[in-house]
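# Survey of secondary and tertiary structure
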Amino acid sequence: MKDNVMKGLTINLTTIGQFKDLCRGELLHYALISYVLLALIAFFTSATVLAGGPTNLMDGEFKVPIFKSRNLTMKQTVSRVSVGNDRIADILILRAKELYIVGKKLGTTNIMVWDEEDKLIDVINLEVTHDLNGLRQRLFHYLPGEDIGVETSQGQLVLSGQSSSLAKMNTAVELAKGYADAASVGKVRSNVLNMISIGGGHQVMLEVTVAEVSTEVSRKFDSKVAITFNGSDGTGGIVNGIGAGAAAGISSGFFGSLIKGEMQFDFALDIAKQNGLAKILAEPNITALSGQKAEFLAGGEFPVPVPSEDGTTVQFKDFGVGVSFVPTILDSGKINLNLKVLVSELTNSHGVGVTPTGSSSTLVVPSIVKRTSETTVELADGQTIAIGGLLSDTLRDSVNKLPGLGDLPVLGQLFSSHEYVSGQTELVIMVTPRLVRPFNKKGVALPTDGFVPVSDMEFYLLGTMTRQESPDSTTSPNQAGTNNNAILTNDGGTNQRYGHQLKSTKTE
């Protein structure tokens, strides 16, 4: 009985030991698998975090402004130091645990520090920068409220952040250039890297209206007289202005003929008075960023032959209605506008004839009559400036007489021609700048809208022509909407509408 009990106890103990060994093996197996999984997760996680490199090293650099000094306190006694590039910085040991560093040139290097037992105790990354604190103080003093960051990158002075206007950004860049020039040593120049973005709406649309009215008054008196006598020995008489017949070429007036015996009298009087009126109108709309140049030309180009030793080349010159402007949005919300308007047309009054080498033909090059205006003004959003008084007067008076007979009173008019031409041209230019943003195409009227093609039946049977229905609205999409106050700066100017509003009341 006792033996059986002891035997059973031995079996049980053996079974328990085997079970423990088995569990220990399984646990070790699972622990190994878990360790491998954790290692893989840590590898991929670290690869993701450090994809751009260990960015925390930037904060671990010891920065010294150029031409200034700083003290660095060490935790252990310093016996010897070494600098990687002595042209960037100088290192001195002031006390047992204190280093004196002087920045000499922009750049990065490192410092190695040994103790009394000649054991390397630290390696310090050193960067000599611009006077960043001084520049930050100047920016805060002259440009308060501007979100502008200042950093140094391998000798470049980097400006980042966002500015409220182009003028303030240019001021920040000019201040930074002074610090960059002061940090230039020898032939190595320090530059300013401008990464500042301009916030708000800074697109300007210029609405230009060019109106030109030309009037011309002409008076003309032209006489054509022929008195001939036919005799047996020949024919003779007096002739004035006769072409292919006395009445040939007259536009208005009267003519007649008298034949009596051997005498024939033909006359034609061209008496005309003309009044002419012409209108030229161009309304270009151009959009440009603040500080950028925009140009517009409605016209064409004409060829100008240029003779040379190698032959004749052709150059093209512009003519028509041209607009060029540079808008700059100021801090107050107003728009500084540098505007140039050019109106030109071709004329043959001062043309030049050019005969190419080896050719008998002559090329006539026309001249250009132009009127131009260039100015710089400041306008608010939606305000209009008009440029007028651009007048051009022309007067031409010519008299052709038959010697002797043309000077007779009254009858002398039959032997003379008189032409009087007077012309006047007036040019008016109206300019309206507007702060704009992009808009949706839906609801915008286009010149091609309302075009109705005609069918064959309507054209051949009914005689209907192709027509175009007038759109309901032809105003500018930027002008139709209300002024957006968000695109104006909040530190000056006015955000209200401009101009005057007239109201009429009707009384019974």
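Up top is the structure.
Below, the structure is looked at part by part. This one's a predicted model, so the numbers in the text were calculated from it and none came from an experiment. (Residues numbered from 1 in each chain as written. Predicted model: local features only at pLDDT ≥ 70, side-chain atom pairs only at ≥ 80, totals over all residues. Heavy atoms only, no water.)

### Description of the packing of aromatic side chains
Counted only if it meets this: Each aromatic pair joins two rings of Phe, Tyr and Trp (for Trp, the six-membered one) with centres within 6.5 Å, and gets the label stacked for planes under 30 degrees apart, edge-to-face for over 60, and tilted for any other angle. Numbering goes from the N terminus for both helices and strands, where a helix is a DSSP run of H or I of at least four residues and a strand is a run of E of at least two. Whether a residue is buried, partly exposed or exposed follows from its accessible area with a 1.4 Å probe, protein chains only, as a fraction of its type maximum: under 20%, in between, or over 50%, in that order. Here, over-ring charges are defined by two tests on the NZ atom of lysine or the CZ atom of arginine: distance to the ring centre within 6 Å, and angle to the ring normal within 35 degrees.
As enumerated under the stated definition, the model contains 2 aromatic pairs in all. Ring centres 6.2 Å apart and planes at 55 degrees place the aromatic pair F302 and F319 in the tilted group. In this pair, F302 sits in strand β16 (residues 294–308) while F319 sits in strand β17 (residues 311–329), placing the two residues 17 residues apart along the sequence. Taking relative accessible area as the criterion, F302 reaches 6% and is therefore assigned buried. The partly exposed category is assigned to F319, whose relative accessible area is 22%. Just above the ring of W114 sits the side chain of R80; from NZ or CZ to the centre is 3.9 Å.

### Quick word on the side chain of T129
Threshold: The contact criterion used throughout is that any non-hydrogen atoms of two residues lie within 4.5 Å.
Inspection of the secondary structure assignment puts T129 in strand β7 (residues 120–129). When residues no more than four places from it in sequence are discounted, the contact partners of T129 are K63, V64, P65, I66, L106 and T152.

### So, the sheet that holds strand β5 (residues 98–103)
This is how the line gets drawn: When DSSP finds at least two bridges between two strands, those strands are taken to pair. Between N-to-C directions, angles cover 0 to 180 degrees, with each direction set by a line fitted to C-alpha atoms, over the stretch in contact for helices.
A sheet is described by the order of its strands in space; here 3 strands give the open sequence β2-β5-β4, paired in antiparallel fashion. Because the sheet does not close on itself, it has two edges, and the strands there are β2 (69–73) and β4 (89–95). Strand after strand, the sheet turns through a mean of 25 degrees between neighbouring axes, direction not considered.

### Topic: the pattern of salt bridges
Put simply, the test is: Salt-bridge detection follows one rule: a side-chain nitrogen of Lys or Arg within 4 Å of a carboxyl oxygen of Asp or Glu.
According to the stated counting rule, one finds 10 salt bridges in the structure shown. The residue E151 makes a salt bridge to R136 at a minimum N-O spacing of 3.8 Å. Placement of the pair is E151 in strand β8 (residues 147–153) and R136 in helix α2 (residues 132–142), with a sequence separation of 15 residues. Classification of E151 by relative accessible area gives partly exposed; the value is 38%. Judged by its relative accessible area of 34%, R136 falls in the partly exposed class. With a closest N to O distance of 3.3 Å, K168 and E146 form a salt bridge. Taken as a pair, K168 in helix α3 (residues 166–182) and E146 in the loop between α2 and β8 lie far apart in primary sequence, 22 residues in all. The class of K168 is buried, set by a relative accessible area of 12%.

### Details of the sheet that holds β8
Sheet architecture is open: 3 strands sit in the order β8-β9-β10, paired in mixed fashion. Looking at strand neighbours, the two that pair on one side only are β8 and β10 (192–198), the edges of this open sheet. Strand-to-strand twist across the sheet, computed as the mean angle between neighbouring axes with direction ignored, equals 10 degrees. Alignment of strand β9 (residues 156–163) against β10, held across 7 bridges, turns out to be parallel. Its bridge partner being in β10, V158 is matched across the sheet by L193.

### Thoughts on the nonpolar core
Note the cut-off: Only buried Ala, Val, Leu, Ile, Met, Phe, Trp, Tyr and Cys residues count toward a nonpolar core, and they belong to the same one when joined by side-chain atoms within 4.5 Å.
The biggest cluster of nonpolar side chains holds 20 residues, and the ones touching the most others in it are L206, V210, F325, L337, L339 and I429. When residues of this core are traced back to their parent elements, those giving at least two are β11 (203–231), β15 (285–289), β17, β18 (335–354), β19 (363–379) and β21 (416–436). Apart from residues lying up to four places away in sequence, L337 is in contact with L206, F325, V326, P327, T375, T376, V377 and V431. Judged by nonpolar contacts, the second largest core, of 19 residues, contains I66, I88, I111 and V128.

### With respect to α3
To keep it simple, the criterion reads: Given the number of residues in a helix, its expected span is that number minus one, multiplied by 1.5 Å. Here the arc refers to the set of directions running from the helix axis out to each C-beta atom.
Given a rise of 1.5 Å per residue, 17 residues ought to cover 24 Å, and the 25 Å separating the end C-alpha atoms of α3 matches this to within 8%. Taken together, the buried positions of α3 are occupied by L166, K168, M169, A172, V173, A176 and A180. Down the axis of α3, the sector holding all buried residues measures 155 degrees, keeping them to one side. Those residues of α3 that are exposed and aimed more than 90 degrees away from the buried face are E174 and A182.

### Thoughts on the environment of N336
Here N336 shows up in strand β18. As a C-alpha pair, N336 and V326 span 10 residues in sequence and 8.2 Å in three-dimensional space. With residues near it in sequence (within four places) discarded, N336 still touches V326, P327, T328, L330, T376, V377 and E378.

### Re the packing of α2 against α3
The criterion, for reference: Angles are sorted into four bins: roughly parallel if under 35 degrees, roughly antiparallel if over 145, roughly perpendicular if 65 to 115, and oblique for all others. Left-handed describes a crossing whose near helix is turned anticlockwise from the far helix through less than a right angle; right-handed describes the clockwise counterpart. Residues were grouped as follows: Ala, Val, Leu, Ile, Met, Phe, Trp, Tyr, Cys and Pro as nonpolar; Asp, Glu, Lys and Arg as charged; and all remaining residues, including Gly, as polar.
Relative orientation of the contacting elements α2 and α3 amounts to 155 degrees, with a least axis distance of 10 Å. Considering their axes alone, α2 and α3 lie roughly antiparallel with respect to each other. Crossing geometry of α2 relative to α3 is assigned as right-handed. On the side of α2, the interface is formed by G134, L135, R138, L139 and Y142, while α3 contributes A172, L175, A176 and Y179. For the contact of α2 with α3, the per-class residue count stands at 7 nonpolar, 1 polar and 1 charged.

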